[in-house]
Amino acid sequence: MSIEALPGAARVLTDRIAVAAAAAQWVSEQAARSNPFRIALSGGSTPQFLYEALASSTFKSGIDWSRWQVYFSDERAVAPDHHDSNYRLVHDTLLSKVPIHPANVHRIDAGGPDLDAAATAYSRLLEAESGRPPRLDVVLLGVGADGHTASLFPGTPALDVVDAWATRGRADFEPFDRITMTFPAINAAAHIGFLITGNEKAAALRGVIDGSAPAARVRPDDGELLWFLDAAAAGTLG
Ligand code: 6PG
């Protein structure tokens with residue numbers, strides 16, 4: 001298997017800091033082209049370095065943050081200040097450091113008792129703000145070692161939801177239910193960027209290539225798909 005077998009285009013960088021810098025450059029270029037600029041952000045350890053790069057002096061002053069409308073690919077059923085909240089991660093690493101108006105940050109409200117209602121509300125919000133299907137400018141994603149992306153986990157019903165832009169998700173390795181964007185919502189985006197670092201993603205990348213991983217179902221309907229890999233992740237493909 002080789003990196004050319006990945007769907008879309010791939011860029012290989014030395015390490016996760018270089019991945020973050022390259023992805024930040026790409027995001028800032030997309031942001032310069034769209035007003036408003038609608039972007040969905042993910043949680044996870046890899047994107048964190050991207051958010052820190054965007055908030056750093058290298059990128060911060062060159063970005064018109066007033067254009068930004070921020071969405072989330074997925075969220076755990078926790079309060080927004082919880083350690084495991086993706087909103088908390090994005091807030092602490094990016095939103096609290098750049099001038100994005102709070103009204104332009106559309107978090108998934110997964111902290112209440114009714115997750116189905118929260119998923120429906122987010123689905124409606126995506127459609128009301130960016131159309132049917134929702135045409136986000138950029139969706140940023142990671143891939144878990146099991147091949148999941150957003151909160152679309154192997155063997156779960158969320159993988160097959162086609163009548164909503166957001167739905168419930170569930171990971172079998174942690175106590176939290178989740179809400180996630182669905183494949184139809186992700187695939188409607190204009191640009192999709194995956195951030196993958198570390199050799200522990202080897203099986204997941206192979207699963208993308210052979211079609212067995214949930215992340216293999218990310219195929220933009222009419223858009224760009226780009227993989228930012230570090231050398232460790234890319235090296236596992238030979
Ligand atoms: C979350 C994510 C998830 C993540 C992958 C990769 O769990 O909150 O949105 O889909 O992107 O699990 O995470 P790492 O970058 O930490 O490996």
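Residues numbered from 1 in each chain as written. Predicted model: local features only at pLDDT ≥ 70, side-chain atom pairs only at ≥ 80, totals over all residues. Heavy atoms only, no water.

Chemist: How do you make sense of the overall build of the protein chain when you look at a structure like this?
Modeler: Counting its secondary structure elements, the protein chain contains 7 helices and 9 strands. What you see for the protein chain is a C-alpha radius of gyration of 16 Å, in line with the 18 Å of a compact globule of 238 residues. Structurally, the protein chain occupies a C-alpha span of about 45 × 45 × 35 Å along its principal axes. Taken over 238 residues, the protein chain has a buried fraction of 56%. Surface summary for the protein chain: the accessible area is close to 9800 Å², and the carbon and sulfur share equals 49%. Positive and negative charge centroids in the protein chain, built from 20 and 28 side chains respectively, lie 2 Å apart. (Helix = DSSP H or I, 4+ residues; strand = E, 2+ residues; numbered from the N terminus. Rg over C-alpha atoms; globule rule 2.2 N^0.38 Å. Buried < 20%, exposed > 50% of the residue type's maximum accessible area, 1.4 Å probe, protein only. Areas by Shrake-Rupley, 256 points an atom, 1.4 Å probe, with all protein chains shown as cover. Lys, Arg positive; Asp, Glu negative; His and termini not counted. Charge placed at Lys NZ, Arg CZ, Asp CG, Glu CD.)

Chemist: Help me understand the packing of helix 1 (residues 16–33) against helix 2 (residues 45–54), please; the structure alone is not making it clear to me.
Modeler: For any two helices packed against each other, the geometry comes down to the angle between their axes and how far apart the axes lie. Look at helix 1 against helix 2: their axes get within 8 Å of each other, and the N-to-C directions meet at 55 degrees. When the interaxial angle is binned, helix 1 and helix 2 end up oblique. Once helix 1 is placed against helix 2, the crossing between them reads as right-handed. Note on element contacts: helix 2 touches helix 1 through Phe-49, Leu-50, Ala-53 and Leu-54, opposite Arg-16, Ile-17, Ala-20, Ala-23, Ala-24 and Val-27. Across the contact of helix 1 with helix 2, the residue classes break down as 9 nonpolar, no polar and 1 charged. (Axes fitted to C-alpha atoms, helices over the stretch in contact; angles between N-to-C directions. Parallel < 35°, antiparallel > 145°, perpendicular 65-115°, else oblique. Left-handed = near helix turned anticlockwise from the far one by under 90°. Contact = heavy atoms within 4.5 Å. Nonpolar A, V, L, I, M, F, W, Y, C, P; charged D, E, K, R; others polar.)

Chemist: Whenever I open this one, the sheet that holds strand 6 (residues 166–170) confuses me. Can you help?
Modeler: Across a sheet, paired strands are connected by hydrogen bonds in the backbone, their directions being either parallel or antiparallel. Strand order in the open sheet formed by 3 strands is 4-7-6, with antiparallel pairing between adjacent strands. The strands lining the two open edges of the sheet, one partner per strand, are strand 4 (74–76) and strand 6. When the angles between neighbouring strand axes are averaged without regard to direction, this sheet yields 25 degrees. Bridge count between strand 4 and strand 7 (residues 177–181): 3 bridges; the pairing is antiparallel. Looking at the pairing, Glu-75 lines up with Ile-179 of strand 7. Sitting on the sheet, helix 4 (residues 115–130) touches strand 6 and strand 7, and the angle it makes with strand 6 is about 140 degrees. (Pairing = 2+ DSSP bridges.)

Chemist: Whenever I open this one, the pattern of salt bridges confuses me. Can you help?
Modeler: A side chain with one charge may pair with a side chain of the opposite charge, provided their charged atoms come close. Taken as a whole and assessed by the stated rule, the structure comprises 11 salt bridges. Asp-109 is paired through a salt bridge with Arg-107; the nearest N and O atoms lie 3.7 Å apart. By relative accessible area, which is 48% here, Asp-109 ends up partly exposed. Two residues, Arg-217 and Asp-160, come together in a salt bridge whose shortest N-O distance is 3.0 Å. You can see Arg-217 sitting in the loop between helix 6 (202–210) and strand 9 (224–230) and its partner Asp-160 sitting in the loop between strand 5 (138–141) and strand 6, a full 57 residues away along the chain. (Salt bridge = Lys/Arg side-chain N within 4 Å of Asp/Glu carboxyl O.)

Chemist: It is not clear to me how helix 4 should be interpreted in this structure. Could you clarify?
Modeler: Given 3.6 residues per turn, any residue in an α-helix points the same way as the ones three and four places further on. Between the first and last C-alpha of helix 4 there are 22 Å, a value that for 16 residues agrees with the 22 Å anticipated at 1.5 Å per step. Those residues of helix 4 that sit buried are Leu-115, Ala-118, Ala-119, Tyr-122, Ser-123, Leu-126 and Ser-130. Seen from one end, helix 4 has its buried residues packed into an arc of 140 degrees, which puts them on one side. Opposite its buried face, helix 4 presents the exposed residues Arg-124 and Ala-128, each directed more than 90 degrees away. Looking at the buried side of helix 4, the elements it contacts are strand 2 (37–41), strand 3 (68–72), strand 6 and strand 7. The N-terminus of helix 4 is capped by Asp-114, whose side-chain oxygen sits 3.3 Å from the backbone nitrogen of Asp-116. (Expected span 1.5 Å × (residues − 1). Arc of directions from axis to C-beta. Polar contact = N/O pair within 3.5 Å; in protein donor to acceptor, adjacent residues only side chain to side chain.)

Chemist: Would you mind showing me how to read the nonpolar core here?
Modeler: Soluble globular proteins: nonpolar side chains tend toward being buried together. Among the nonpolar cores identified, the biggest contains 78 residues, and Trp-68, Leu-140 and Trp-227 are the most heavily contacted of them. Ranked by residue count, the leading element in this core is helix 1, at 8 residues. Residues contacting Leu-140, with those up to four places away along its chain left out, are Trp-26, Val-27, Ile-39, Ala-40, Leu-41, Ser-42, Leu-50, Tyr-51, Gly-193 and Leu-195. (Core = buried A, V, L, I, M, F, W, Y, C linked by side-chain atoms within 4.5 Å.)

Chemist: Looking at this structure, I do not really get the site of the ligand. What am I missing?
Modeler: Neighbouring residues of the ligand: 17 residues in total, closest Ser-45, Asp-74, His-148, Ala-150 and Lys-201. In this structure, an oxygen atom belonging to the ligand sits 2.7 Å away from a main-chain N or O atom of Ala-150. Calculation on the ligand without its partners gives an accessible area of 420 Å², and the protein chains cover 89% of this total. Of all the secondary structure elements, the ones that give two or more residues to the shell around the ligand are helix 2 and strand 4. With 3 residues, helix 2 is the single largest residue contributor to the shell around the ligand. Partitioning the shell around the ligand into residue classes produces 3 nonpolar, 10 polar and 4 charged. (Near = heavy atom within 4 Å.)

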